[in-house]
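# Commentary on secondary and tertiary structure
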Amino acid sequence: ILLQRQWMIVRDDRCVLFADSVVPKDPSGSPRGAEIRYDCRFPLASSITVDPEPETRDVFLCDGKRRGLVMPISASEWRLGASPATLKGTDDGHLVLSARGTHRLNVPLWFDFQQRRFKRKRTWRQLTVADELRIVKPSEAVGYRIQVGSQQWMVYRSLGESTCRSVLGKHLVADFFSARFDPSDGSLEELVTVDENDLIDV
């Protein structure tokens, strides 16, 4: 397998995207039903504690004050019911992101460090991605929408072959695309586009 790790800093919005993608090294030889179990541990500074929201799966990073909001955007938003991903703090001072999938897997976190947004309503959703009128599987491509207050962002990641797909009204051939989303007119302000030649496998 290959692990493709991404960091995207949206400096003007004080947001950060972290994402790991697990893909087969040889797509033609990889069994399509192969299960992937993913765990990533982020060590926290000794002064930082994890304060989970009681009803949703997002958490705050605190040191007496709330310093950062972390949203596991591939997880189900509400704690009730099953979820393909989970995020939790541990007693030994780590933030643990876990996920399961088959064949290919994308596991992102959205960090928001703008404190004035912390009390605003927020949500995230996995978007429908289409390929020639067919809804693609999460092992092929994924899209996410993040909303905090009046501000919204979208993220798209292709996990399979490069082909034209549609997400949130946008036709994309890129392997990765992120943008600010304006719901008033449905426009997208591009932040980052990455094509296949820009990806580095580790």
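Reading guide: rules and limits
- Residue numbers run consecutively from 1 along every chain, following the written order of its sequence.
- Under the rules for a predicted model, residues below a pLDDT of 70 receive no local features and side-chain atom pairs below 80 are neither given nor counted, while totals for whole chains, interfaces and linings still include all residues.
- Calculation of side-chain values draws on the structure's entire complement of heavy atoms; hydrogens and water are dropped beforehand.
- Method remark: on a 1 Å grid restricted to protein atoms, a set of points is classed as a cavity if a 1.4 Å probe fits but cannot get out and as a pocket if it is open with protein on both sides within 12 Å along at least five of seven lines; lining residues have an atom within 4 Å of a point.
- Grid points are joined across faces, edges and corners, and a volume is the space filled by probe spheres set on the points.
- Helix numbers and strand numbers start at the N terminus; a helix is a DSSP run of H or I with at least 4 residues, a strand a run of E with at least 2.
- Just so you know the grouping, Ala, Val, Leu, Ile, Met, Phe, Trp, Tyr, Cys and Pro go in nonpolar, Asp, Glu, Lys and Arg go in charged, and all remaining residues, Gly too, go in polar.
- Partly exposed describes any residue whose relative accessible area lies between the buried limit of under 20% and the exposed limit of over 50%, with all areas from a 1.4 Å probe on protein chains only and scaled to the type maximum.
- The definition of a polar contact used here is a pair of N or O atoms within 3.5 Å, where within protein one atom must be able to donate a hydrogen and the other to accept one, and adjacent residues in sequence count solely through side-chain atom pairs.
- Whether two residues touch is decided by their heavy atoms; if any such pair falls within 4.5 Å, the residues are in contact.
- At least two bridges found by DSSP between two strands are what make those strands a pair.
- Each axis is a line fitted through C-alpha atoms, and for a helix only the stretch in contact is used; angles between axes span 0 to 180 degrees, taken between their N-to-C directions.

Enumeration according to the criterion identifies one cavity of 30 Å³ or more in this entry. Together, Gln6, Leu17, Ala19, Asn106, Pro108, Tyr144, Val155, Arg157 and Phe176 line the largest cavity. Elements represented by at least two residues in the lining of the largest cavity include exactly strand E2 (15–23), strand E9 (105–112) and strand E14 (151–158). Here the lining of the largest cavity is composed, by residue class, of six nonpolar, two polar and one charged.

Moving on to unusual backbone geometry. Of note, histidine 103 is a non-glycine position whose phi angle comes to about 75°, a positive value. Positionally, histidine 103 belongs in the loop between strand E8 (94–102) and E9. Take histidine 103: its relative accessible area is 5%, and that puts it in the buried class. One non-glycine residue, leucine 168, adopts positive backbone phi at about 55°. Of note, leucine 168 is situated in the loop between strand E15 (165–167) and strand E16 (170–172).

Within the secondary structure, serine 178 is located in strand E17 (residues 176–182). Among the polar contacts listed, one links the side chain of serine 178 to the backbone oxygen of methionine 154, at a separation of 3.2 Å. Beyond its immediate chain neighbours, meaning those up to four positions away, serine 178 contacts Met8, Met154, Val155, Glu190, Leu191 and Val192.

This part covers the sheet that holds E8. An order of E3-E8-E7 is seen for the three strands of this open sheet, with the pairing classed as antiparallel. Each edge of the sheet is formed by a strand with only one pairing partner; in this case those strands are strand E3 (35–43) and strand E7 (85–89). The sheet shows a mean angle of 15° between the axes of neighbouring strands, taken without regard to direction. Relative to E8, E7 is paired through five bridges, and the arrangement is antiparallel.

The next subject is the pairing of E2. A large share of E2 lies buried, amounting to nine of its nine residues. Of the two faces of E2, both are covered, the one formed by Cys15, Leu17, Ala19, Ser21 and Val23 as well as the one formed by Val16, Phe18, Asp20 and Val22. Relative to E2, strand E1 (residues 2–10) runs antiparallel, the two sharing nine bridges. Counterpart to valine 10 in the pairing with E2 is cysteine 15. Hairpin connection from E1 to E2: four residues lie between these consecutive antiparallel strands, with arginine 14 at a positive phi of about 55°. In the sheet, E2 pairs with E9 via eight bridges, with the strands oriented antiparallel. Bridging from a neighbouring strand, cysteine 15 pairs with aspartate 112 of E9.

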